[in-house]
Amino acid sequence: MILSPVSDADLDRAFAALADPVRRAIIARLSRGAATVNELAEPFEISKQAVSKHIQVLELAGLVSRTRDAQRRPVHLEAARLEAMTAWIDRYRLAAEQRFRSLDAVLERTTSPAAPAVPTPNTDKEQQP
């Protein structure tokens, strides 16, 4: 799957949208399948109108979309957008991991190996003249 590059503005909107715990919970629920606003509102002690506003923020960020199915308007997770965000994060994670591996290699080379144990004379035995 080829992912389109994500612009800075797209990333800003997506990360801002995911900063809210209600919106993260909505994303988690939608990862199991599409749902209506009523279904998404069930676990929250906020109005359906408030849930609709959260969905609008997620929709503007490109993280969810709505379709029409007769009378229903299910909300769907846009997994491709999450994949693009993950790819963006992975680019920096991989660079950081490479720096840590390089640092580990330098530290390994610069630390001296433990000195081998040198046997000490046994002082318990009587020494004969």
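Residues numbered from 1 in each chain as written. Predicted model: local features only at pLDDT ≥ 70, side-chain atom pairs only at ≥ 80, totals over all residues. Heavy atoms only, no water.

Draft legend 1. Local environment of the pattern of salt bridges. The tally for this structure, following the rule as stated, stands at six salt bridges. A salt bridge links E59 to R66; the shortest N-O distance between them is 3.4 Å. With relative accessibility at 32%, the residue E59 sits in the partly exposed group. Overall, the relative accessible area of 22% leaves R66 in the partly exposed class. For E97, the salt bridge identified is with R101, shortest N-O distance 3.9 Å. You can see E97 and its partner R101 sitting in helix 5 (residues 79-110), four residues apart, about one turn around the helix. Given the relative accessible area of 31%, E97 is considered partly exposed. Taking the relative accessible area as the measure of exposure, R101 reaches 47% and is therefore partly exposed. Three or more residues are tied together by salt bridges with common partners; here these are D90, R93, E97 and R101. (Salt bridge = Lys/Arg side-chain N within 4 Å of Asp/Glu carboxyl O. Buried < 20%, exposed > 50% of the residue type's maximum accessible area, 1.4 Å probe, protein only. Helix = DSSP H or I, 4+ residues; strand = E, 2+ residues; numbered from the N terminus.)

Draft legend 2. Focus on a nonpolar patch on the surface. Side chains of F100, L103 and L107 sit close together on the surface and give an oily, nonpolar patch of about 310 Å² of accessible area. Here L103 lies in helix 5. (Patch = residues over 30% accessible without salt bridge, like charges linked within 9 Å, V, L, I, M, F, W, Y side chains within 5 Å. Areas by Shrake-Rupley, 256 points an atom, 1.4 Å probe, with all protein chains shown as cover.)

Draft legend 3. Geometry of the packing of helix 1 (residues 8-18) against helix 5. Look at helix 1 against helix 5: their axes get within 11 Å of each other, and the N-to-C directions meet at 105 degrees. As the angle between them shows, helix 1 and helix 5 are arranged roughly perpendicular. Contacts between helix 1 and helix 5 involve D10, L11, A14, F15 and L18 from the former and R81, M85, W88 and I89 from the latter. Residue composition of the contact of helix 1 with helix 5, grouped by class: seven nonpolar, no polar and two charged. (Axes fitted to C-alpha atoms, helices over the stretch in contact; angles between N-to-C directions. Parallel < 35°, antiparallel > 145°, perpendicular 65-115°, else oblique. Contact = heavy atoms within 4.5 Å. Nonpolar A, V, L, I, M, F, W, Y, C, P; charged D, E, K, R; others polar.)

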